[in-house]
Amino acid sequence: MMQKNPNIFFLVRCIFILSILSGSDVVIAQKITIQIEKREVSLNEPFTISVESSEKDINSLTAFPEIESFKKVNISSATSSSTFNKKITKTYIRTQIYHPTREGKFEIKPFIMRVNGVEVKHPGETLVVGPPDESKGELFDYIFNEEQKFTELKDDAFIDITIDKNEVFVGEGFHVILALYVALDNEAPMKFPPDMGEQVEEIAQKLRPANCWEENFEIDRVRDPIRMLINHKNYDQYIFYQASFFPLNNEPVEFPVVKLNMIIKNKMAEDEENPNEFNEKSETVFKTFYTRPRKVTVKELPKHPLKDQISVGSYYLQENYPYQVLHTGDDFVYEFRIVGEGNIASIRSPFSEYLPSLDVYPPNTQQLIRRDQNKVLGAKIFSFQMIPKDSGTYSLRNYFHWVYFNPISQRYDTLRPNAVIRVSGESIRNAEISSNALIPFYRNINQVSKKSVDLSDRNWVKMIAEICIFFMLVVTAVISYRR
């Protein structure tokens, strides 16, 4: 009888179990679940419904269900972690606390909550509220005191995308800031949630247009606010995304609606001493703020034979070159430094003309970019190594020029060098040609022996090599056969 392979049966069993679980709603629900801790509570203890996520933090959450004869008190957040086989698993929890107002039996109807964009269902439940439990003491008196009154807190805040230009040329930069604005007289304290970094990264991905070069200002944390006056009202501006964009074509640049979730204290107990604190007495909610969609119109550059090769911005030229008189054959470095505001990374090498009296080699390139005061500034440096071959005076404006488009004047402009190089000494141009010529080769060609070489004397060397190769193949075959 054939022996059964236990490994095969184990594999089949695993595949069978996985195939069953993959079609089950239970497995999917385990990533985001709704939990009801107790079905029976006393009149003086809380009842809770919790949403648990084992995938990532909960950054968007719809309202918990309303329950007859239960009053919503507060939403708390917590994080738990467990370690198994050196792997840490985190669970993020949002809990709605309810206060039962009378004894009896109550029904929670089936409900659906949307958590992190995913719909999670709960079949409902029957709750039993019993008489007060004296053992609970006055632990929850501040929650269940029927005389406790709350003050509604109105928030005065919004998020918005601000753009410094509504219309630009192809290649012209415009600046984008995404920020939260909170009025100085805002009543409802608010704070950034634990997943703020993840939210900002998701927002940045949505805002980046595909038809633009981006220079990101690298906002790695929410910094101290900037005081601003908007519509005759003071606001604190909290910037969490900032970048300059340079359109690569004439398609409009569109920014979609993006959202930011904040934790807001919307109700305050009257006996609270500090209204700006978040504590168990106050009520907090997650509130989602939305931006307006924005669009920037992009115009074609005026006609020019080089318009597809030039940069757009405001630039000027800085030069670095030797001022002393040079000697023919002495190499020197000339720096053509383009400085200004624009897309520094896209700047190309200046155009050049051929000069027979100068040897010019391809440049080494260096760029410096500074993002400051809502602008992209910097320089691109082209270092040319040059060797003069004739004495004389050389005006480099006859050799180099760099064309760009100035969006302020809406005209093309050209940067030309002011550098003048003075050279003395004898010409080395003819000497160089002579050294590079093939005359020495042809001069000695007649001295080369015309005697043919007989290779037949070397046939024995070839024969020995073939015998050695054959012997090695035989040895290899014998060793392989014995194994």
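Preceding this paragraph is the structure being described.
The numbering scheme is per chain: residues are counted from 1 as the chain's sequence reads. Two thresholds apply to this predicted model, a pLDDT of at least 70 for residue-level local features and 80 or more for giving and counting side-chain atom pairs, whereas whole-chain, interface and lining totals are computed over all residues. Side-chain numbers here rest on the full set of heavy atoms in the structure, without hydrogens or water.

The next subject is the overall build of the protein. A run of H or I in DSSP becomes a helix once it reaches four residues, and a run of E becomes a strand once it reaches two; helices and strands are each numbered from the N terminus. Helix and strand content of the protein: seven helices and 32 strands. The long-range fraction of contacts in the protein, counting pairs at least 24 apart against all pairs at least 6 apart in sequence, stands at 73%. For the protein, the accessible surface area stands at approximately 30700 Å², while carbon and sulfur atoms represent 52% of it. Residue contacts are defined here by distance: any two heavy atoms, one from each residue, within 4.5 Å place the two residues in contact. Accessible surface area values rest on a Shrake-Rupley calculation with a 1.4 Å probe, where residue burial reflects the displayed protein chains alone.

Attention now moves to the pairing of strand 8 (residues 118-122). A strand pair is defined by DSSP finding two or more bridges across the two strands. Two strands pair when backbone bridges link them, and strand 7 (residues 111-115) and strand 8 are joined in this way by five bridges, in the antiparallel orientation. Residue pairing for strand 8: Phe111 is matched across the bridge by His122. If you look at the hairpin formed by strand 7 and strand 8, you'll find two residues sitting between the two strands, and Asn116 has a positive phi there, around 50°.

With that out of the way, let us pick up the sheet that holds strand 18 (residues 253-255). As summarised here, the arrangement of the three strands in space is 12-21-18, forming an open sheet in which the pairing is mixed. The open sheet has two edge strands with one neighbour each: strand 12 (167-169) and strand 18. Each strand axis lies, on average, 20° off the axis of its neighbour in the sheet, ignoring direction. Axis definition: a line fitted to C-alpha atoms, over the contacting stretch in the case of helices. Angles run 0 to 180 degrees between N-to-C directions.

Another point: the layout of surface pockets. Using protein atoms alone on a 1 Å grid, points that fit a 1.4 Å probe yet trap it form a cavity, whereas open point sets bounded by protein on both sides within 12 Å along at least five of seven lines form a pocket; residues with an atom within 4 Å of a point count as lining. Grid points are joined across faces, edges and corners, and a volume is the space filled by probe spheres set on the points. Volume-wise, the largest pocket comes out at about 400 Å³. Considering the residues around the largest pocket, the lining is formed by 20 residues, among which Val170, Gly171, Pro247, Ile310 and Ser346 are closest to the centre. For the lining of the largest pocket, the elements supplying multiple residues, two or more each, are strand 17 (233-247) and strand 22 (311-320). Ten residues, namely Ala, Val, Leu, Ile, Met, Phe, Trp, Tyr, Cys and Pro, are considered nonpolar, four, namely Asp, Glu, Lys and Arg, are considered charged, and the remaining ones, Gly among them, are considered polar. Across the lining of the largest pocket, the residue classes break down as nine nonpolar, seven polar and four charged.

Geometry only, nothing functional implied.
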